[in-house]
Amino acid sequence: MMRSSHLSLKIFLLLIVYVTYLGCLSVHAEEGSCANPGSDTEGTCADVDGDDFDDKPSRRRMDGPIFATFENLSPYRADIHFDDGRFGNFVSTLEANGGEARLTTYRGHSFFITRHGVREALVDPATDGQYFFRIPEDFEGKDDEEGPHFTLPAEASPSKTKCKDRYP
């Protein structure tokens, strides 16, 4: 009995190592890395036409992470939440009156802003609409460059409407 359970545990652990290894291979294949083995410098990649990828946007650049900057000009300390379509996931806090945060994100991601700690939406007082920030799907910046800059304006404030939902 004891021997059988040890064998099952060993097989299970080997399976985990194998699946992890396959996962690493797929990540490197997705990245389309052009690094030369044993070198710190990038090699060259050519598409089927023999053209260099450097002079036109590649799929890797359009799918890779980008850096987005969020700035809070309002007098309220604010929280940034990733919009997951439900209640959101807390990402970072912005200090009041000029606080900034730089996030690594991807094209198509959306964020919403709430007052710090209470998840009460900060809205545009003219429309009572909550502030949402979206990274455009067609954002053309390179992965290693600065991405979009989003600003929560100075007039952003909690809604004056009674019983307004705190979640988007």
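Anything mentioned here points back to the structure above.
Rules behind the numbers
- Residues numbered from 1 in each chain as written.
- Predicted model: local features only at pLDDT ≥ 70, side-chain atom pairs only at ≥ 80, totals over all residues.
- Heavy atoms only, no water.
- Helix = DSSP H or I, 4+ residues; strand = E, 2+ residues; numbered from the N terminus.
- Buried < 20%, exposed > 50% of the residue type's maximum accessible area, 1.4 Å probe, protein only.
- Contact = heavy atoms within 4.5 Å.
- Areas by Shrake-Rupley, 256 points an atom, 1.4 Å probe, with all protein chains shown as cover.
- Core = buried A, V, L, I, M, F, W, Y, C linked by side-chain atoms within 4.5 Å.
- Phe/Tyr/Trp six-rings, centres within 6.5 Å; stacked < 30°, edge-to-face > 60°.
- Salt bridge = Lys/Arg side-chain N within 4 Å of Asp/Glu carboxyl O.

(A) Seen up close, the overall build of the chain. Across its full length, the chain carries two helices and 10 strands. Its helices and strands taken in sequence order, the chain reads α-α-β-β-β-β-β-β-β-β-β-β from the N to the C terminus. Residue burial in the chain is summarised as follows: out of 168 residues, 30% are buried. A separation of at least 24 residues holds for 64% of the contacts in the chain among residues at least 6 apart in sequence. Split by element, the accessible area of the chain, about 11,500 Å² in all, is 56% carbon and sulfur.

(B) Main features of the nonpolar core. One finds Phe70, Ile80, Ile113 and Leu152 to be the most contacted residues of the largest nonpolar core, which totals 18 residues. Secondary-structure elements contributing two or more residues to this core are β1 (66-72), β2 (78-82), β4 (99-105), β5 (110-115) and β9 (146-152). Looking at which element gives the most residues to this core, the answer is β1, with three residues.

(C) Local environment of the packing of aromatic side chains. Within the structure shown, the criterion is met by six aromatic pairs. Their ring planes at 80° and their centres at 6.1 Å tell us that Phe70 and Phe133 sit as a pair that is edge-to-face. Here Phe133 lies in strand β8 (residues 132-134) and Phe70 lies in strand β1, a separation of 63 residues in the sequence. The buried category is assigned to Phe70, whose relative accessible area is 1%. On the basis of relative accessibility, which here comes to 10%, the residue Phe133 falls in the buried class. Ring centres of Phe133 and Phe150 lie 5.2 Å apart, and the angle between their planes is 40°; on these two criteria the pair is classed as tilted. Of this pair, Phe133 sits in strand β8 while Phe150 is found in strand β9, placing the two residues 17 residues apart along the sequence. There is no split in this pair, since Phe133 and Phe150 are both buried.

(D) Structural detail: the pattern of salt bridges. In the structure shown here, the tally under the stated rule is three salt bridges. Residue Glu95 is joined to Arg77 by a salt bridge in which the shortest nitrogen-to-oxygen separation is 3.1 Å. Of this pair, Glu95 sits in the loop between β3 (89-94) and β4 while Arg77 sits in the loop between β1 and β2; the two residues are 18 residues apart in sequence, bridging distant segments of the chain. By relative accessible area, which is 42% here, Glu95 ends up partly exposed. Overall, Arg77 belongs to the partly exposed group, its relative accessible area being 39%.

(E) Highlighting unusual backbone geometry. Positive phi is not limited to glycine here, since Asn97 has a value of about 55°. Here Asn97 is to be found in the loop between β3 and β4. Asn97 gets classed as exposed once you look at its relative accessible area, which sits at 59%. We note that Arg119 has phi near 55°; this positive angle belongs to a residue other than glycine.

(F) Looking closely at the side chain of Thr69. Mapped onto the elements, Thr69 comes out in strand β1. Setting aside anything within four residues of it in sequence, one finds Thr69 in contact with Glu100, Ala101, Arg102, Glu146, Pro148, His149 and Phe150.

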